[in-house]
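Next come the chains, spelled out residue by residue.
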Amino acid sequence: WTYEKNKFDIAGFAVGIVDEKKILNKKKIKKNDVILAVPSSGLHSNGYSLVRYLINKKKIKIKQNRFLRSELIKPTKIYVEEIMKLTNTNLLNGCANITGGGLADNIKRVIPDNLCAEIDLKKVRPLKIFQWLKNNNISDQEMLKTFNCGVGFCLIINIKNLKKINKVFSKEFKPYIIGRITDGKKKVKLDGKINWS
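Below: a short report on this structure. (Residues numbered from 1 in each chain as written. Predicted model: local features only at pLDDT ≥ 70, side-chain atom pairs only at ≥ 80, totals over all residues. Heavy atoms only, no water.)

## So, the sheet that holds strand β4 (residues 151-157)
Put simply, the rule reads: For two strands to pair, DSSP has to find at least two bridges joining them. Only DSSP runs of H or I with at least four residues qualify as helices, and only runs of E with at least two residues qualify as strands; both kinds are numbered from the N terminus onward. Angles run from 0 to 180 degrees between N-to-C directions of axes, and those axes are lines fitted to C-alpha atoms, restricted for helices to the stretch in contact.
Reading across from one edge, β2-β4-β1-β5-β3-β6 is the order of the six strands in this open sheet, with mixed pairing throughout. Two strands lie at the open edges of the sheet, namely β2 (94-97) and β6 (188-191), each paired on one side alone. Each neighbouring strand pair of the sheet contributes to a mean axis angle of 25 degrees, computed without reference to strand direction. Bridge count between strand β1 (residues 34-39) and strand β5 (residues 176-183): four bridges; the pairing is antiparallel. If you follow L36 over to β5, its bridge partner there is I177.

Quick look at the structure:
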């Protein structure tokens, strides 16, 4: 890569160790499990190139836009504490962090062969920042591919554990059902459309 003067790239990573007994195995995911959406706190560091492009194209003055200023610096919600409680009490069959690639690309990684995660997009609750982005002429396909759209994390659970799981999350990040596991060759099926209004 070649960088302009005074420009640089920075990257980081973390490595963790998991006790083999605590690894979530795809085999735990069964037909009729439900898929829960855990709300995000905002953009979660994905899609900023597209956001910058929009800001430049529309000549938006960030210093004069209180809404964007506060949204673009919101810290990413990290779900470690809640997920550790759920794995320690054996309440999770599967989970997926919704990062770059959106809902479909991240959930399909955890779905076993011959099962399908059917997600009803009408049940997704988009945050205001995603409504603002959508209102700036971004297609639904681009929104779902680039942004979390308000879903920061997905949990795959047996419906009987829903009440116990809900107790682990604060009101702001309370999970809600957006889909279920069915038979199917395609690992993810997105039905309907997100209501952006």
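## Observations regarding the pairing of strand β3 (residues 115-120)
As paired elements, β3 and β5 share five bridges and run antiparallel to each other. Looking across to β5, one finds that I119 is bridged to G179. With four bridges connecting them, β3 and β6 associate as parallel partners. The partner of D120 across the bridge, within β6, is D191.

## With respect to the side chain of T182
Rule in force here: We define a polar contact as two N or O atoms separated by no more than 3.5 Å, with the added condition that, inside protein, one atom must be a possible hydrogen donor and the other a possible acceptor, whereas residues neighbouring each other in sequence contribute only through side-chain atom pairs. Residue contacts are counted whenever heavy atoms from the two residues lie within 4.5 Å of one another.
On the secondary structure map, T182 appears in strand β5. Of the polar contacts made by the side chain of T182, one reaches the side chain of E118; its length is 3.1 Å. Setting aside anything within four residues of it in sequence, one finds T182 in contact with K31, N114, L115, C116 and E118.

## Quick word on the packing of aromatic side chains
As a reminder of what qualifies: Only the six-membered ring of Trp is used, alongside the rings of Phe and Tyr, when aromatic pairs are assigned; centres must lie within 6.5 Å, and planes under 30 degrees apart are stacked while those over 60 apart are edge-to-face, with the rest tilted. Remark: exposure states derive from per-residue accessible area (1.4 Å probe, protein chains only) relative to the maximum for the residue type, with buried under 20%, exposed over 50%, and partly exposed in between. For a Lys NZ or an Arg CZ to count as sitting over a ring, it must be within 6 Å of the ring centre and within 35 degrees of the ring normal.
Summed over the entire model, instances satisfying the criterion amount to three aromatic pairs. Both rings, one in Y79 and one in F153, keep their centres 5.2 Å apart while their planes meet at 45 degrees; by these two values the pair is tilted. In this pair, Y79 is assigned in the loop between α2 (66-72) and α3 (80-88) and F153 in strand β4, connecting sequence segments 74 residues apart. Take Y79 and F153: they sit in the same class, and that class is buried. Taken together, a centroid distance of 6.1 Å and an interplanar angle of 55 degrees make the contact between F130 and F147 tilted. Of this pair, F130 sits in helix α5 (residues 128-134) while F147 sits in the loop between α6 (140-146) and β4, and the two are 17 residues apart along the sequence. Accessibility classification places F130 together with F147 in one group, the buried group. Of the aromatic side chains, those joined through ring pairs into one cluster are Y79, F153 and F173. Residue placement shows K77 over the ring face of F173; its charged tip is 4.9 Å from the ring centre.

## A look at unusual backbone geometry
Among all residues save glycine, negative phi is the norm, and among peptide bonds the norm is trans. Here N32, not a glycine, exhibits a phi torsion of approximately 80 degrees, which is positive. The residue N32 is located in the segment before β1 in this model.

## Some thoughts on the environment of N46
Here N46 is to be found in the loop between β1 and α1 (48-57). Here the alpha-carbon distance between N46 and Y79, two residues 33 residues apart in the chain, equals 16 Å. For N46, the contacting residues outside a window of four places in its chain are T99, G100, T146 and F147.

## Considerations on the pattern of salt bridges
The test is simple: Any carboxyl oxygen of Asp or Glu within 4 Å of a side-chain nitrogen of Lys or Arg constitutes a salt bridge here.
Per the stated rule, a full pass over the model turns up 10 salt bridges. A salt bridge links K74 to E71; the nearest nitrogen and oxygen atoms lie 3.1 Å apart. D140 is the salt-bridge partner of K134, the closest N and O atoms lying 2.6 Å from each other. In this structure, a network of salt bridges that share partners links the residues D105, K108 and K145.

## Points about α3
Spelled out, the test is: The arc under discussion is defined with respect to the helix axis, by the directions toward the C-beta atoms.
Among the residues of α3, E82, I83 and L86 are the ones counted as buried. One face of α3 carries all of its buried residues, which in axial projection span an arc of 95 degrees. Opposite the buried face of α3, at more than 90 degrees from it, the exposed residues are V80 and E81. Where α3 is buried, its residues meet β4 and α7 (162-168).

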